[in-house]
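So you can see what is in the structure, the chains are spelled out below.
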Amino acid sequence: MSQLVAKTPPLSQRDRSTPKLISELCRQFYGLGWVSGTGGGISIRDAEGVWVAPSGVQKERIDPDEVFLLADGVWDRVEILERPRDPALRISECQPLFFNAFRMRDAGAVLHSHSLWAVLAARLACPDGGPGEFRSQNLEMQKGLRGVGCFDELRVPIIPNTARESQLSDSMADAIARYPDVDAVIVAGHGIYVWGRDWVHAKTQAECLDFLMRATVEAHRLGLGPA
Ligand SMILES: [Zn+2]
């Protein structure tokens, strides 16, 4: 333990702008209904390493000092560089899923939302719980997604849910490999994982996807059919 402390710089020497940003983004995402009931999460990489929000806490009240810092580039295990002072805090259950996007896509940030629109859009596309695809076409907001035009047919993979978040890891990795042009995986009855080259890109893509899923659900409710 003393060796670990000696290798780790004091808290004050680190650039702490990213954990502050995570705290702020979690408050915003709570307002959108993405991280209610302690669900959802976010992880952002910077020069210090990989910052990950804690598990099972009120996401809109996360203090920057409660965010874990993990070693970057170490994807086969969890190497903690800095842990919160509160020993009761655990790393987000989403950690293996965040690592999938870092390892396979070199993402700069990953966001996990429990948005109701993701749950309903997945249910519309896969009433049996998946696997399947969410599809969208002819919507301007598709342009906020990497490589997608508004008249293209967008297809986002939907994977079945599991009892534990971490058990999604293999099927999420499989979906990422099968959809190289898509920066998201929807989990049936659960939510969505979205990533990007940095946190701005991840947030933008998450907002656009949320809009598209909501547009699909509302169009179905109004009996409009596909756009
Ligand atoms: Zn979740």
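Residues numbered from 1 in each chain as written. Predicted model: local features only at pLDDT ≥ 70, side-chain atom pairs only at ≥ 80, totals over all residues. Heavy atoms only, no water.

Quick look at the side chain of Asp46
Argument step 1. Examined against the element boundaries, Asp46 turns out to sit in strand E1 (residues 41–46).
Argument step 2. Put simply, Asp46 is tucked away with no salt bridge, and the nearest opposite charge, on Arg14, sits 8.1 Å away.
Argument step 3. Side-chain polar atoms of Asp46 contact the side chain of Thr18, separated by 2.7 Å.
Argument step 4. Residues contacting Asp46, with those up to four places away along its chain left out, are Asp15, Thr18, Trp51 and Asp72. (Helix = DSSP H or I, 4+ residues; strand = E, 2+ residues; numbered from the N terminus. Buried < 20%, exposed > 50% of the residue type's maximum accessible area, 1.4 Å probe, protein only. Lys, Arg positive; Asp, Glu negative; His and termini not counted. Salt bridge = Lys/Arg side-chain N within 4 Å of Asp/Glu carboxyl O. Polar contact = N/O pair within 3.5 Å; in protein donor to acceptor, adjacent residues only side chain to side chain. Contact = heavy atoms within 4.5 Å.)

A few points about the coordination of the zinc ion
Argument step 1. On the protein side, the zinc ion has His112 (NE2), His114 (NE2), Glu165 (OE), Glu165 (OE) and His190 (NE2) as donor atoms, found 2.1 to 2.6 Å from it.
Argument step 2. Donor residues for the zinc ion sit on one chain with the sequence pattern H-x1-H-x50-E-x24-H. Pair noted here: Glu165 is in the loop between strand E7 (153–159) and helix H5 (169–178) and His190 is in the loop between strand E8 (184–187) and strand E9 (191–196), with a separation of 25 residues, a long-range link.
Argument step 3. For Glu165, a relative accessible area of 14% corresponds to the buried category. (Donors = N, O, S within 2.8 Å, 3.2 Å for Na, K, Ca; no water.)

Some words on the packing of helix H4 (residues 116–125) against helix H6 (residues 199–221)
Argument step 1. The interhelical angle for the contact between H4 and H6, taken along N-to-C directions, is 55°, at an axis separation of 9 Å. In terms of axis orientation, H4 runs oblique to H6. Here the hand of the crossing between H4 and H6 comes out left-handed. On H6, the residues that touch Trp117, Ala118, Leu120, Ala121 and Leu124 of H4 are Asp210, Met213, Arg214, Thr216, Val217, Glu218, His220 and Arg221.
Argument step 2. Looking at the contact of H4 with H6 residue by residue, the class counts come to 7 nonpolar, 2 polar and 4 charged. (Axes fitted to C-alpha atoms, helices over the stretch in contact; angles between N-to-C directions. Parallel < 35°, antiparallel > 145°, perpendicular 65-115°, else oblique. Left-handed = near helix turned anticlockwise from the far one by under 90°. Nonpolar A, V, L, I, M, F, W, Y, C, P; charged D, E, K, R; others polar.)

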